[in-house]
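# Descriptive analysis of the structure
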Amino acid sequence: EMCIRDSASTFDEDVDRAIADLAAQVEAQMSSEPVDMLILFLSAQYTNHARAIGAGLRSAIQPAALLGCTAEGVIDRHHEIEGRPAIALLAARLPGVHIEPFVLQPTGSDWPPLLLDEEEFSRMVAAPENTRLFLLLGDPFSTPMDDILKTFNTTHVSIPSVGGMASGALRPSGNALLLNDGV
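Report follows, based on the coordinates.

Right, let's get into the nonpolar core. Among the nonpolar cores identified, the biggest contains 23 residues, and Leu40, Ile53, Leu57 and Leu89 are the most heavily contacted of them. Listed by contribution, the elements that provide at least two residues to this core are helix H1 (15-30), strand S3 (37-43), helix H2 (50-61) and strand S7 (87-93). When residues in this core are grouped by element, the largest group, 7 residues, is from H1. What Leu89 contacts, discounting residues up to four positions off in sequence, is Ser7, Ala8, Leu22, Val26, Leu38, Ile39, Leu40, Leu57 and Ile61. In this structure, Leu104, Val125, Phe152 and Ile159 belong to the second largest nonpolar core, which totals 12 residues.

As structure tokens, this is what we get:
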């Protein structure tokens, strides 16, 4: 049965302590159950440490997949935190669910041809036939999300898409998007 526990959060500015705190919270909630997915939201203060935080959490918790991004506001179970360091994490056990991560990362001028070529778009997404959901994160400065959603809705008609845009930066190249070991 699917199991999503309470989110873990930390406000510790020290990256190593923040990782240890989050890992301890997940361990206390999930016991020895395997974690299939971690979804991570980092305040902008952690942007330069996103890779280390993702790697540290993957090492400590060993999820099948980690997905995350920087955010202007981070929400945990009790608070919305803005303007100060905060990390919120959701750990999920999803028995019977196969998670197939993918990245669409063309440069600005490469987006239009990709979005107009449904066959190439489908090849890059490489969604298994039994896909039930797309969980999408994008960077507002480099991702034409409206056009991407239109293409998803054309190429994958019956599969819903949910997600959001990274919002930790006010300029291009300022956000961090995490997928497993990549930033």
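This brings us to the pairing of strand S9 (residues 161-165). Successive residues of a regular strand alternate their side chains across the two faces of the sheet. Relative to S9, strand S8 (residues 134-138) is paired through 5 bridges, and the arrangement is parallel. By the bridge assignment, Phe134 is partnered in S9 with Ser161. Running through helix H5 (residues 145-155), the crossover from S8 to the neighbouring parallel element S9 is right-handed.

Time to look at the pairing of S3. For S3, the tally of buried residues reaches 6 of 7 residues, placing the bulk of the element in the interior. In terms of strand pairing, S3 meets strand S4 (residues 65-71) through 7 bridges, oriented parallel. The residue of S4 that forms the bridge with Leu38 is Leu66. What joins S3 to S4 is H2, and the crossover it makes is right-handed.

Here we take up the side chain of Asp36. Along the polypeptide, Asp36 turns up in the loop between H1 and S3. Polar contacts involving the side chain of Asp36 include one to the main-chain amide nitrogen of Leu94, which spans 2.4 Å. Residues within four places of Asp36 in sequence aside, it is in contact with Pro63, Ala64, Ala65, Ala92, Arg93, Leu94, Pro95 and Ile99.

This next bit is on H2. In this model H2 runs 16 Å from its N-terminal to its C-terminal C-alpha over 12 residues, within 8% of the 16 Å that 1.5 Å per residue would give. Along H2, the residues that are buried comprise Ala50, Ile53, Gly54, Gly56, Leu57 and Ile61. Taken end-on, H2 shows its buried residues confined to a sector of 165°, consistent with a single buried face. Here the buried face of H2 lies against H1, S3, S4, S7 and strand S10 (177-179). After H2 finishes, the residue Gln62 shows a positive phi value of roughly 55°.

Moving on: the packing of H1 against H2. In the contact formed by H1 and H2, the axes pass within 10 Å of each other and the chain directions differ by 35°. Of the two possible hands of crossing, H1 and H2 adopt the one that is right-handed. Judged by residue contacts, Val15, Ile19, Leu22, Ala23 and Val26 of H1 engage Ala52, Ile53, Gly56, Leu57, Ala60 and Ile61 from H2. Residue classes in the contact of H1 with H2 are distributed as 10 nonpolar, 1 polar and no charged.

So, on to the side chain of Ser9. Position of Ser9 among the secondary structure elements: in strand S2 (residues 8-10). Residues within four places of Ser9 in sequence aside, it is in contact with Asp21, Leu22, Gln25, Asp76, Ile87 and Ala88.

Right, let's talk about a nonpolar patch on the surface for a bit. Side chains of Leu133, Leu135 and Val162 sit close together on the surface and give an oily, nonpolar patch of about 230 Å² of accessible area. Checked against the element boundaries, Leu133 lands in the loop between helix H4 (118-125) and S8. Classification of Leu133 by relative accessible area gives partly exposed; the value is 47%.

Our next topic: the pattern of salt bridges. Inspection of every chain in the model, using the stated rule, returns 4 salt bridges. As a salt-bridge pair, Arg17 and Asp12 come within 2.9 Å of each other at their nearest N and O atoms. A relative accessible area of 21% means that Asp12 is categorised as partly exposed. Across the pair Arg58 and Asp181 runs a salt bridge whose closest N-O atoms are separated by 2.9 Å. With a gap of 123 residues between them, Arg58 in helix H2 and Asp181 in the segment after S10 connect regions that are remote in the sequence.

About the criteria used
Residues numbered from 1 in each chain as written. Predicted model: local features only at pLDDT ≥ 70, side-chain atom pairs only at ≥ 80, totals over all residues. Heavy atoms only, no water. Core = buried A, V, L, I, M, F, W, Y, C linked by side-chain atoms within 4.5 Å. Buried < 20%, exposed > 50% of the residue type's maximum accessible area, 1.4 Å probe, protein only. Helix = DSSP H or I, 4+ residues; strand = E, 2+ residues; numbered from the N terminus. Contact = heavy atoms within 4.5 Å. Pairing = 2+ DSSP bridges. Right-handed = clockwise from strand over helix to strand, strands pointing away. Polar contact = N/O pair within 3.5 Å; in protein donor to acceptor, adjacent residues only side chain to side chain. Expected span 1.5 Å × (residues − 1). Arc of directions from axis to C-beta. Axes fitted to C-alpha atoms, helices over the stretch in contact; angles between N-to-C directions. Left-handed = near helix turned anticlockwise from the far one by under 90°. Nonpolar A, V, L, I, M, F, W, Y, C, P; charged D, E, K, R; others polar. Patch = residues over 30% accessible without salt bridge, like charges linked within 9 Å, V, L, I, M, F, W, Y side chains within 5 Å. Areas by Shrake-Rupley, 256 points an atom, 1.4 Å probe, with all protein chains shown as cover. Salt bridge = Lys/Arg side-chain N within 4 Å of Asp/Glu carboxyl O.

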